[in-house]
Amino acid sequence: MAPFDLVIFGGTGDLAMRKLLPALLHRFVDGQIGPGTRIYGVARDSRSDEAWRERVREAVADIAAADPRVAEAVDAFLALLHYRQLDLASEESWPAFAAEIGNSPDRVRVFYLAVGPSLFANVADRLDAVGLAGAGTRVVVEKPIGKDSASAQVINEALGRVFDESQVFRIDHYLGKETVQNLTALRFGNALFEPLWKAEHIDHVQITVAETVGVEGRAAYYDRSGALRDMVQNHLLQLLCLVAMEPPASLAADAIRDEKLKVLRALRPIGNGNAAQLTVRGQYRAGAVEGRAVPGYLDELGEPSNTETFVSIKAEVQNWRWAGVPFYLRTGKRLAERMSEIVVTFRRVPHSIFGDPADGSASPLAPNKLVIRLQPDEGVKLWLMNKVPGPGGMRMREVAMDLSFAETFGGRQPDAYERLLMDVVRGNPMLFMRRDEVDAAWHWIDPIRVAWEASHDAPKPYTAGGWGPSAAVALIERDGRTWHEDA
Ligand code: BG6
């Protein structure tokens, strides 16, 4: 790939150190980042190139220790790195920075805004003022893109005043995960699923993104956000879109994004009238996660708060394909295990020839399930009914056809940011959110939050290390269904 410039605003922050620079290092090792490329870290404090390189060396020490190919490449990678001190609020240092970067339309310049959303407009205006916003420039913005429809609109308009939509890359890192990309492969690379992929044959869908971590060092951000904005507005809705969308005509970015947008717009509205029946919010109390005692959310925060650390929602896509099929969503912090999966439960056979569970002559036939495990233990399982071998007649049991990514493909699973960063450099927006998708997602989320605020109910407490408040179990059991547990 031709050499390019990548500038990380927030170059000393957590995202840069934990995700962006390790991802770039891996791509460097794989030969996708060639000589002549410049990677800049930009932040407010003064430091030398050398000092920043040393910080990055520490940040990648673990991955270097795990892989000799990476270890060998670290010095050459660090040589591509530069640090520049810039105060976003002052105009002074920008012209020299602009002169250094240059504005040739033939060289790709990526500006990664790993800073708070309140700074997005400011950075965009500065880039424009110093002539760095033209052809060749791409900007990457991280979520949260606002905290509701109105604030997202302000941000998107500020970006839109300076950049063409094709220059703006809105990251939802879930879209870069290999297993999430595989959803598209599974659905549209196989003839098997599409004829069954509809209300006639699918009973319901579950989407779970469970985390064991708490709010870590991010309590101040998290408390203003909560799980609905932090996880559902983006990651869970994107997963829902990939499961529910119509087949796009091609892999062209807009072909896919048009279909996702239709799903978001078809979501049944949830608000004051029905939020109490269709949503559950929770907040963790002290408990034990993976055998380790952990404090409750309010202890970590140090003040009272009604912010939710868990959400469960019964969603519905109101169109011909999905009418009447519930999509049960749930996500939370400090749950029993780190586990993200999508479970598609098919309808039961219309008639059992194996005996009647009602008269005790057989146990009920379990419905088939397609379980797509996003992380960890990435893979796909198809649960089928089978005869148990041996005497005893037609004894039936549910067993899984099990495809493990690690066993099948071996090797390392690239991190989502590796693919996403290189897609920005290539100018491929397929795995990024278009402005109207972000708007549509907020449009669905806002009334839920408003209804919660109007109800004045506190989030339901749950003990850290469990599966969330019992109301989330009731939400699905009321419908005669249960959350999937891997047997
Ligand atoms: C981020 C959220 O977008 O996703 C975090 O802000 C969350 O709160 C994280 O922990 C989860 O990502 P992953 O890739 O670890 O599942």
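Source: prediction; values computed, not measured.

A. Highlighting the site of the ligand. Within the structure, the ligand sits among Lys143, His173, Tyr174, Lys177, Glu211, Arg218, Asp230, Met231, His235, Lys333, Arg338 and Gln375. Lysine 177 places a polar side-chain atom, nitrogen or oxygen, 2.6 Å from an oxygen atom of the ligand. Contacts to the ligand include histidine 235, whose side-chain N or O atom sits 2.7 Å from an oxygen atom. Here the element with the most residues in the shell around the ligand is helix 9 (residues 219-244); it accounts for 3 residues. For the shell around the ligand, the per-class residue count stands at 2 nonpolar, 3 polar and 7 charged.

B. Main features of the packing of aromatic side chains. Inspection of every chain in the model, using the stated rule, returns 15 aromatic pairs. Arranged with centres 6.1 Å apart and planes meeting at 90°, the rings of tryptophan 94 and phenylalanine 97 form a pair that is edge-to-face. With tryptophan 94 and phenylalanine 97 both in helix 5 (residues 94-101) and 3 residues apart, the pair spans about one turn of that helix. Residues tryptophan 94 and phenylalanine 97 agree in their burial class; the two are buried. Considering the side-chain rings of phenylalanine 169 and phenylalanine 432, the 5.1 Å spacing of their centres and the 90° angle between planes classify their relative orientation as edge-to-face. One end of the pair, phenylalanine 169, is in strand 6 (residues 168-171); the other, phenylalanine 432, is in strand 17 (residues 432-433), with 263 residues separating them in the sequence. In textbook terms, an aromatic cluster arises when at least three aromatic residues are bridged by ring pairs, as seen for Phe9, Tyr40, Trp94, Phe97 and Phe111.

C. Main features of a negative patch on the surface. A cluster of like negative charges, contributed by Glu290, Glu337, Asp377 and Glu485, occupies part of the molecular surface. Looking at where glutamate 485 falls in the secondary structure, it is placed in the segment after helix 16 (470-477). Take glutamate 485: its relative accessible area is 69%, and that puts it in the exposed class.

D. The UniProt feature "binding site: substrate" (unreviewed entry) in the chain, seen in detail. Taken from the UniProt record, the annotation "binding site: substrate" (unreviewed entry) applies to His173, Lys177, Glu211, Asp230 and Lys333. Relative to the assigned elements, lysine 177 resides in the loop between strand 6 and helix 8 (178-188). Classification of lysine 177 as buried rests on a relative accessible area of 14%. If we ignore the near neighbours within four places in the chain, the residues touching lysine 177 are Gln375 and Ala416. With respect to the helices and strands, the residue aspartate 230 is situated in helix 9.

E. Region of interest: the UniProt feature "domain: Glucose-6-phosphate dehydrogenase NAD-binding" (unreviewed entry) in the chain. Under the UniProt annotation, the feature "domain: Glucose-6-phosphate dehydrogenase NAD-binding" (unreviewed entry) is placed at residues 7-182. As annotated, residues 7-182 has a helix share of 46% and a strand share of 16%, and its two end C-alpha atoms lie 30 Å apart.

F. Geometry of the pairing of strand 13 (residues 339-346). The element strand 13 is largely enclosed, with a buried count of 8 among its 8 residues. With burial as the criterion, each face of strand 13 is covered, one bearing Met339, Glu341, Val343 and Thr345 and the other bearing Ser340, Ile342, Val344 and Phe346. As paired strands, strand 7 (residues 202-210) and strand 13 are joined by 8 bridges and run antiparallel to one another. In the strand pairing of strand 13, isoleucine 202 is matched with phenylalanine 346. Pairing of strand 13 with strand 14 (residues 369-375) involves 6 bridges; the strand directions are antiparallel. If you follow glutamate 341 over to strand 14, its bridge partner there is arginine 373.

G. Inspection of the sheet that holds strand 17 at higher detail. Spatially, 3-2-1-4-5-6-17 is the arrangement adopted by the 7 strands of the open sheet, whose pairing is mixed. This sheet does not close on itself; its edge strands, each paired only once, are strand 3 (81-85) and strand 17. Bridge analysis of strand 2 (residues 38-43) against strand 3 gives 5 bridges, and the strand direction is parallel. For glycine 41, the partnering residue across the bridge sits in strand 3 and is tyrosine 83.

H. Highlighting the sheet that holds strand 15 (residues 379-387). The 9 strands are arranged 16-15-14-13-7-12-11-8-18 in an open sheet whose pairing can be described as mixed. Looking at which strands have only one partner, the edges of the open sheet turn out to be strand 16 (396-404) and strand 18 (460-463). Taking the axes of each pair of neighbouring strands and ignoring which way they run, one obtains an average angle of 20° across the sheet.

I. The arrangement of the packing of helix 7 (residues 149-162) against helix 15 (residues 435-455) in detail. Running from amino to carboxyl end, helix 7 crosses helix 15 at an angle of 165°, the nearest separation of the two axes being 9 Å. On the basis of their axis angle, the class for helix 7 and helix 15 is roughly antiparallel. Seen from above, helix 7 lies across helix 15 with right-handed handedness. The residues of helix 15 that touch helix 7, namely those facing Ser149, Ala152, Gln153, Asn156 and Glu157, are Arg435, Val438, Asp439, Trp442, His443 and Asp446. Residues belonging to the contact of helix 7 with helix 15 are distributed by class as follows: 3 nonpolar, 4 polar and 4 charged.

So, how was this worked out
Residues numbered from 1 in each chain as written. Predicted model: local features only at pLDDT ≥ 70, side-chain atom pairs only at ≥ 80, totals over all residues. Heavy atoms only, no water. Near = heavy atom within 4 Å. Polar contact = N/O pair within 3.5 Å; in protein donor to acceptor, adjacent residues only side chain to side chain. Helix = DSSP H or I, 4+ residues; strand = E, 2+ residues; numbered from the N terminus. Nonpolar A, V, L, I, M, F, W, Y, C, P; charged D, E, K, R; others polar. Phe/Tyr/Trp six-rings, centres within 6.5 Å; stacked < 30°, edge-to-face > 60°. Buried < 20%, exposed > 50% of the residue type's maximum accessible area, 1.4 Å probe, protein only. Patch = residues over 30% accessible without salt bridge, like charges linked within 9 Å, V, L, I, M, F, W, Y side chains within 5 Å. Areas by Shrake-Rupley, 256 points an atom, 1.4 Å probe, with all protein chains shown as cover. Salt bridge = Lys/Arg side-chain N within 4 Å of Asp/Glu carboxyl O. Lys, Arg positive; Asp, Glu negative; His and termini not counted. Charge placed at Lys NZ, Arg CZ, Asp CG, Glu CD. UniProt positions renumbered as here; feature names shortened; annotations may be inferred. Contact = heavy atoms within 4.5 Å. Pairing = 2+ DSSP bridges. Axes fitted to C-alpha atoms, helices over the stretch in contact; angles between N-to-C directions. Parallel < 35°, antiparallel > 145°, perpendicular 65-115°, else oblique. Left-handed = near helix turned anticlockwise from the far one by under 90°.

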